[in-house]
Amino acid sequence: MRRAGEAVSVRGMKITKQPRDPAQRKRELLARLEQERDVWVATADGAGLPCLVPLWFRWDGEALWLATRLSTPTGRNLREAGHARLALGDTEDVVLVDGDAEMYAADEVPSAAAEGFLAKTGWDPRADSLPYVYFRVRPRTVQARNGEHEMRGRFLMRDGAWTV
């Protein structure tokens, strides 16, 4: 049995840093959602063909807001499937969000969402010459881990409710 503060070996590498407790993980996750601008968006079409793209996003405290053209594979997949996986970070500091997506036309998006998106990204899809739509992605599950030693306890949200 490993004692507190003792190094653990993962794939031949020694990890001496202790796993963060769930409350610290949630605080750091929420700060990242506020600060980071890009998120990887993974979707699939009806035949299962995957699509992975980076998009700007805004976190409003309950959902992530994205904007893309409906004519893109991501736009079509989000509209048709109604869900996506979003990812922040690199392979050592990962946040994964699985959520349900709801589409809003540029003239139907709640003004608070559009203005918040503009304030964070500096871009207003409503004013673009090409037609854009917004997607509100409400998280169902959220995972956060900073290295292999944090695999246990990585789920911070399940079934749309925070576990922390």
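**Digging into the side chain of Asp-98**
Consideration 1: Mapping Asp-98 onto the fold places it in strand β7 (residues 94–105).
Consideration 2: For Asp-98, a relative accessible area of 14% puts it in the buried group.
Consideration 3: Among the polar contacts listed, one links the side chain of Asp-98 to the side chain of Arg-85, at a separation of 2.8 Å.
Consideration 4: Among all residues touching Asp-98, those that are not within four sequence positions of it are Ala-84, Arg-85, Arg-138, Pro-139, Arg-140 and Thr-141.

**Focus: helix α1 (residues 22–35)**
Given 3.6 residues per helical turn, the α-helix brings residues three or four places apart onto the same face.
Consideration 1: When the terminal C-alpha atoms of α1 are compared, their 20 Å separation across 14 residues agrees well with the 20 Å that a helix rising 1.5 Å per residue should span.
Consideration 2: The N-cap of α1, judged by a side-chain oxygen 3.0 Å from the amide nitrogen of Ala-23 a few residues on, is Asp-21.

**Regarding the nonpolar core**
Consideration 1: If you look at the biggest cluster of nonpolar residues, it comprises 23 residues, and the most contacted ones within it are Leu-33, Val-39, Val-41, Phe-57, Leu-64, Leu-66 and Leu-86.
Consideration 2: Mapped by element, the contributors of at least two residues to this core are α1, β3 (38–44), β4 (50–59), β5 (64–68), β6 (83–88), β7, β8 (133–145) and β9 (155–158).
Consideration 3: No other element matches the five residues that β8 contributes to this core.
Consideration 4: If we skip the residues at most four places from it in the chain, Leu-86 touches Val-39, Trp-40, Val-41, Leu-64, Leu-66, Val-95, Leu-96, Val-97 and Val-137.
Consideration 5: Membership of the second largest hydrophobic core comes to eight residues, among which are Trp-65, Ala-67, Ala-114 and Tyr-134.

Conventions and cut-offs
- Position labels on residues start from 1 in each chain and follow its written sequence.
- Local features in this predicted model are restricted to residues whose pLDDT is 70 or higher, and side-chain atom pairs enter the listing and the counts only when it is 80 or higher, whereas totals over whole chains, interfaces and linings include all residues.
- With hydrogens and water set aside, each side-chain value is computed from the structure's full complement of heavy atoms.
- Secondary structure follows DSSP: runs of H or I at least 4 residues long count as helices, runs of E at least 2 residues long count as strands, and numbering of each begins at the N terminus.
- Residue burial is assigned from relative accessible area. The probe radius is 1.4 Å, only protein chains are included, and a residue is buried under 20% of its type maximum, exposed over 50%, and partly exposed in between.
- Here a polar contact means two N or O atoms within 3.5 Å. Within protein one must be a hydrogen donor candidate and the other an acceptor candidate, and residues neighboring in sequence count only if both atoms are side-chain atoms.
- Whether two residues touch is decided by their heavy atoms; if any such pair falls within 4.5 Å, the residues are in contact.
- One fewer than the residue count of a helix, multiplied by 1.5 Å, yields its expected span.
- To qualify as a nonpolar core, a set must consist of buried Ala, Val, Leu, Ile, Met, Phe, Trp, Tyr and Cys residues joined through side-chain atoms within 4.5 Å.

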